[in-house]
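# Structural characterization, general
Chain by chain, the residues:
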Amino acid sequence: MCGFVGFTNYIKDDGTVLQAMANAIAHRGPDSSGGYVNGDIALGFRRLSIIDLAGGDQPMFNEDKTLVMVFNGEIYNYKDLRDELLSEGHTFNTNADSEVILHGFEQWGESLLSRLRGMFAFAIFNRLDGTIFGARDMFGIKPFYYTLTENSFIFGSEIKAFLHHPEFNKQLNEQALAHYLSFQYSPTEETFFKGVFKLPPAHYFTFKDGVLTKTRYFRPEFKEEPGVLSFYADEVDAAVRESVEAHKIADVEVGAFLSSGIDSSYIAEAAHVDKTFTVGFASDDGDRYNEIAFAKKFADTIGVENISKVITPEEYWGTFPKIQYHMDEPLADPAAIALYFVSELAGKYVKVVMSGEGADELFGGYRIYQEPLTLTLYDKLPFGIRRIISKLCEHLPQKHGINYLVRRGKTIEERFIGNASIFSKKERDGILKSEIAKSAPKPKVLCDKFYDEVAGSDDVTKMQYLDINMWLMGDILLKADKTSMANSLELRVPFLDKKVMALAEVLPLDCRVNTATTKLALREAAQKTLPPLTAQKDKLGFPVPIREWLRQDRYYNMVKESFMSDTAEKYFDTTKLLALLDKHKLGKVDNSRKIWTVYTFLVWYNQYFR
């Protein structure tokens, strides 16, 4: 696991600039660094040594040095591909998985991507014709950012590196702020930095003569195949265990994160690691926000060590600015902070951990996926009548019963934008000052292209497809990569594997979700070896006591000060922000997610623009 930076064209002191850019992401690879500079390109690299500890340094060249590459990730089937390439006459100088990409591109071109099993982002420069070829893995596990300036194509693993390039002009993308207020993450290809883009998951690009061309090479296709639950449970168990075994490849010790839920427990049990890691929160509300006791009991059951840490409110709030710096873009998911602390804990003992990200999106794990299946007497009313009621209720104060009537008068495409839906367009326009931000389209518009790709599918499949293409990359994998890499830790996600994905694509709906529970096939599979209480446990997802803390004077005042700052005054109607905060503190309404979303942006902004 590593990080890279690069830029085209000659600039003054290019080697010094490259070094500064690489140093900005040194946390991604503290073991070694490397660079390549000529009049056409500069490539920098930071390495976290996992496979072939003695070799594998980058930038890496092919045999005749016509190609030079930087790569971030792990290729789990690299040994098989290496044998195939050796039989084709390629010569290898290392035992590293990175060299397989270089020779594989020589041999197969872009069709290499369909052969790779793993997580990756890379760029290959052709010294003969000046072309850059780059790609990102099918789920977007590893990041790839880029921007085009007047004279240069700049790219890398983290945006913060771009700040050290003399041609990079740092500007806030105000439309991104509007989108973020609805989604709690940055959902578009253009980031919070104007002109800086993410290469989307499952895409490759070519850059030549100033022209960037992007191509999608994989798209999930859900096509149910008949079969009973017991059959698919066996199939899931076999696929997950095979994937876990493939993900264990390393020349260093591998550990696992462990919560009280099924996903991480299943991975930890299947991996047979020696160490697991858990965090919980100190709270006045008993053990509601602390899964440590449950995790330790499970670790004892499977015979592995569990190392844990209780996070105090002071640690959580005190470390929050640093974490937002590492994110590159604001992320208002409170679980990101928990993930940072468990990564910090694990990084003291191991270099690699496995985690359970992706199971919910692939196997139908979110409770909201049950909503289309839950029919009530109200749903028997003609949709046209429900739609009229929905329109009328949109103008009423938003409460639980009112929200229900609003949602039940909308199609799934109109009401579901992913697992987080914070501010509606009307609400966000009401607190925003920027006309540029207010001009951003409705959240639904950003989702339409993905809904169009699965038109005709059932509503649950539509929701899963949207989450795989937006929520998974924008929230789940962003925090997984940035928090683990901030602590020089490689995080592997065995559920997000091409073979597991192929199975998830054919699961019947009744093996994914019903009105009683979620992830049916996965739970049935896990129950073969996990205690029933663990296999059937509801999802918690790093519960964090934000709601409780925001009603305590200390943290209420901290947020209030931020809401009255010059930055808040610049972008928001601060009177409305303070009203949100005060109503929450008095217990009149739970505004915690809205408050946290705005507060997160303000903290992030101070890291990058103050």
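Preceding this paragraph is the structure being described.
Residues numbered from 1 in each chain as written. Predicted model: local features only at pLDDT ≥ 70, side-chain atom pairs only at ≥ 80, totals over all residues. Heavy atoms only, no water.

A few words on the overall build of the chain. When you go through the chain residue by residue, the secondary structure sums to 25 helices and 17 strands. For 610 residues, the compact-globule estimate of 2.2 N^0.38 gives 25 Å, and the chain sits close to it at 24 Å. For the chain, the C-alpha atoms occupy an extent of roughly 70 × 55 × 45 Å along the three principal directions. Residues counted as buried form 60% of the 610 residues belonging to the chain. Nonlocal contacts in the chain, meaning residues at least 24 apart in sequence, comprise 72% of its contacts between residues at least 6 apart. (Helix = DSSP H or I, 4+ residues; strand = E, 2+ residues; numbered from the N terminus. Rg over C-alpha atoms; globule rule 2.2 N^0.38 Å. Buried < 20%, exposed > 50% of the residue type's maximum accessible area, 1.4 Å probe, protein only. Contact = heavy atoms within 4.5 Å.)

This paragraph deals with the packing of helix α4 (residues 174-183) against helix α25 (residues 592-608). Following both chains from N to C, one finds α4 and α25 inclined at 145°, their axes separated by 9 Å at the closest point. For the element pair α4 and α25, the recorded crossing hand is right-handed. From α4, L177, Y180 and L181 reach across to α25, where they touch T597, V598, T600 and F601. (Axes fitted to C-alpha atoms, helices over the stretch in contact; angles between N-to-C directions. Left-handed = near helix turned anticlockwise from the far one by under 90°.)

It is worth spelling out the side chain of N126 at this point. Counting through the fold element by element, N126 comes out in strand β6 (residues 118-126). A distance of 2.8 Å separates a polar side-chain atom of N126 from the backbone nitrogen of L128. When residues no more than four places from it in sequence are discounted, the contact partners of N126 are T66, L67 and T131. (Polar contact = N/O pair within 3.5 Å; in protein donor to acceptor, adjacent residues only side chain to side chain.)

An ideal rise of 1.5 Å per residue puts 18 Å on 13 residues; helix α9 (residues 335-347) measures up with 18 Å between its terminal C-alpha atoms. In terms of burial, α9 is largely enclosed, as 11 of its 13 residues are buried. Of the positions making up α9, those classed as buried are A335, A336, I337, A338, L339, Y340, F341, V342, S343, L345 and A346. (Expected span 1.5 Å × (residues − 1).)

Quick look at the side chain of S390 now. With respect to the helices and strands, the residue S390 is situated in helix α11 (residues 383-393). Accessibility expressed as a relative area gives 2% for S390, which makes it buried. Those residues within four positions of S390 in sequence are excluded, and the remaining contacts are L405, V406, G409 and K410.

Our focus in this paragraph is the environment of N77. Assignment of secondary structure puts N77 in the loop between β5 (67-75) and α2 (78-87). Along the backbone, N77 and F207 are 130 residues apart, and their C-alpha atoms lie at a distance of 28 Å. The residues touching N77, leaving out its near neighbours within four places in the chain, are R115, L116 and R117. Among the polar contacts made by the side chain of N77, one reaches the main-chain amide nitrogen of R117 at a distance of 3.1 Å.

Within this structure, the stated rule accounts for 44 salt bridges. A salt bridge links E394 to K410, with the nearest nitrogen and oxygen atoms 2.6 Å apart. With E394 in the loop between α11 and α12 (400-407) and K410 in the loop between α12 and α13 (412-415), the pair connects residues that are 16 residues apart, well separated along the chain. Note on E394: relative accessible area 29%, which makes it partly exposed. According to the relative accessible area criterion, K410 is buried, its value standing at 18%. A cluster of three or more residues bridged by salt bridges with shared partners is formed by R28, K142, E158, K160, D328, D481 and K482. (Salt bridge = Lys/Arg side-chain N within 4 Å of Asp/Glu carboxyl O.)

In this structure, F122, Y316, F563, F572 and F601 are the most contacted members of the largest nonpolar core, which totals 188 residues. Per element, the largest residue contribution to this core is 14 residues, and it comes from helix α17 (residues 459-486). When sequence neighbours within four positions are dropped, the list of residues in contact with Y316 reads F281, I311, P334, I337, F341, V544, I546, W549 and W596. Core analysis: the next-biggest nonpolar cluster, separate from the first, contains 19 residues, Y36, L43, F45 and A123 among them. (Core = buried A, V, L, I, M, F, W, Y, C linked by side-chain atoms within 4.5 Å.)

Here we come to the packing of aromatic side chains. Each aromatic ring pair is specified by the distance between its two centres and by the angle formed by the two planes. For the structure on display, the rule yields 49 aromatic pairs. Centre to centre, the rings of F153 and F207 are 4.4 Å apart; their planes meet at 20°, and the pair counts as stacked. Within this pair, whereas F153 is found in strand β9 (residues 153-156), its partner F207 is found in strand β11 (residues 203-208), the two being separated by 54 residues in sequence. Just as F153 is buried, F207 falls in that class too. Their ring planes at 40° and their centres at 4.7 Å tell us that F320 and W596 sit as a pair that is tilted. Within this pair, whereas F320 is found in helix α8 (residues 313-327), its partner W596 is found in helix α25, the two being separated by 276 residues in sequence. According to the relative accessible area criterion, F320 is buried, its value standing at 1%. Members of the aromatic cluster, joined through ring pairs, are Y180, F192, F193, Y325, Y571, F572, F601, W604, Y605, Y608 and F609. Looking at K585, its charged tip hangs above the ring of Y556, at a distance of 5.2 Å from the centre. (Phe/Tyr/Trp six-rings, centres within 6.5 Å; stacked < 30°, edge-to-face > 60°. Lys NZ or Arg CZ within 6 Å of the ring centre and 35° of its normal.)

End to end, α8 covers 20 Å across 15 residues, agreeing with the expected 21 Å (1.5 Å per residue, within 8%). Of the residues making up α8, those classed as buried are P313, Y316, W317, T319, F320, I323, Q324, H326 and M327. Positive phi appears at D328, one or two residues downstream of α8, with a value of about 75°.

Bringing the sheet that holds strand β1 (residues 2-8) into the picture now. The sheet built from 6 strands is open, its strands ordered β2-β3-β1-β9-β8-β10 with antiparallel pairing. Pairing within the sheet leaves two strands with one partner each, and these edge strands are β2 (32-37) and β10 (196-198). Averaged over all pairs of adjacent strands, the angle between their axes in this sheet comes to 15°, without regard to strand direction. Here β2 pairs with strand β3 (residues 41-47) via 6 bridges, running antiparallel. Its bridge partner being in β3, Y36 is matched across the sheet by L43. Contacting β1, β2, β3 and β9, helix α1 (residues 14-23) crosses the sheet at an angle of about 150° to β1. (Pairing = 2+ DSSP bridges.)

From the geometry alone we can't say anything about function, so treat these as descriptive.
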